[in-house]
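Here's the letter readout for the chains.
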Amino acid sequence: MNYEHLLLSSVDGITTLTLNRPDKRNALAMNVMLELTAALREVAQSDALGVILAANGPVFSAGHNFGDMAGATLDQARELFSVCTGMMDAVQAMPQPVIARVHALATAAGCQLVATCDLAVAADTAGFAIPGGKAGLFCHTPLVAVARSVGRKRALEMALTGDPINAATAADWGLINKAVPADQLEAATLDLIRRATRGSALSKAVGKQAFYQQVGLPQDQAYALACETMASAAMTPDAQEGIQAFLEKRHAQYTQRPSVN
């Protein structure tokens, strides 16, 4: 597909999707969200092993475009946030690990997008905020993803005050994996996604989906799901290849790839 608001490139099994509306602060307007969702679903079907989500310009993403909400009807507002939720779900539904490469400020739904990614690395000059708490529209939907990364008290501090946190704090709180000097951001992001895509692609895909299924469950239900998933996964050719390679002290040769509906 040809994209109007995104850049797509692939190198050595890693696909990079770059938000490319720097003049609009990479706001997640309706047309941008629809395009990014389509791109994520396209890449999910590809032979990519991992995905980097990046952005161009002085801001990673300023979040929703208020122009989409000004004067909107209730049904139009519902559709806007439904499309946003679908975009976030597409990140976690795809079989590949997805890493956010955050070079600058990510606010509101932009911060939500970073929190939704499986992994995230930020430049030490980046910042993160869900600023609705100090304005007229509380960041209800961004708070869903942010709270699942940083916990209740820290999420509510961000949401109620609306104040930004720097990259070092974001790493300490668990919103991102690490903060690095800006000139090391690309290398650090690539290093982490490379390490996160080693081994069996099928095993990784099953593991990612099982994680999101179990992480919100009570412990007994989480273990029930994880036990059944792991038992079934142990029957796959890639799992048996890994076991045999370990026992035979040789390098494993993994061949299975996830199927995407």
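Residues numbered from 1 in each chain as written. Predicted model: local features only at pLDDT ≥ 70, side-chain atom pairs only at ≥ 80, totals over all residues. Heavy atoms only, no water.

(A) Structural context of helix α1 (residues 30–44). Taking 1.5 Å per residue as the helical rise, α1 with its 15 residues ought to reach 21 Å, and the 21 Å between its terminal C-alpha atoms agrees with that figure. The set of residues buried in α1 consists of V32, M33, E35, L36, T37, A39, L40, V43 and A44. On its buried face, α1 is in contact with β1 (6–11), β2 (14–19), β3 (50–55), α2 (74–93) and α3 (109–116). (Helix = DSSP H or I, 4+ residues; strand = E, 2+ residues; numbered from the N terminus. Expected span 1.5 Å × (residues − 1). Buried < 20%, exposed > 50% of the residue type's maximum accessible area, 1.4 Å probe, protein only. Contact = heavy atoms within 4.5 Å.)

(B) Just the side chain of S61, in detail. Along the chain, the position of S61 falls in strand β4 (residues 59–61). For S61, a relative accessible area of 0% translates into the label buried. A polar contact is formed between the side chain of S61 and the backbone oxygen of N26, at a distance of 2.8 Å. A polar contact of 3.2 Å, which involves the side chain of S61, links it to the backbone nitrogen of G63. In contact with S61, other than residues within four places in its own chain, are L19, R25, N26, L28, L105, A106, T107 and G110. (Polar contact = N/O pair within 3.5 Å; in protein donor to acceptor, adjacent residues only side chain to side chain.)

(C) Main features of the pairing of strand β7 (residues 119–123). Of all the 5 residues making up β7, 5 are buried; the element is thus mostly covered by neighbouring parts of the structure. In this sheet, β7 lies alongside strand β5 (residues 98–102) in parallel orientation, the contact comprising 4 bridges. Within β7, the position partnered with A100 by the bridge is A120. Where β7 and strand β10 (residues 178–180) come together, 3 bridges link them in parallel fashion. Looking at β10, one finds that A123 is bridged to V180. (Pairing = 2+ DSSP bridges.)

(D) Inspection of the packing of aromatic side chains at higher detail. For the structure on display, the rule yields 1 aromatic pair. Here F211 and Y212 contribute two aromatic rings whose centre-to-centre distance is 5.1 Å and whose plane-to-plane angle is 75°, an arrangement assigned as edge-to-face. For F211, a relative accessible area of 41% translates into the label partly exposed. Overall, the relative accessible area of 25% leaves Y212 in the partly exposed class. (Phe/Tyr/Trp six-rings, centres within 6.5 Å; stacked < 30°, edge-to-face > 60°.)

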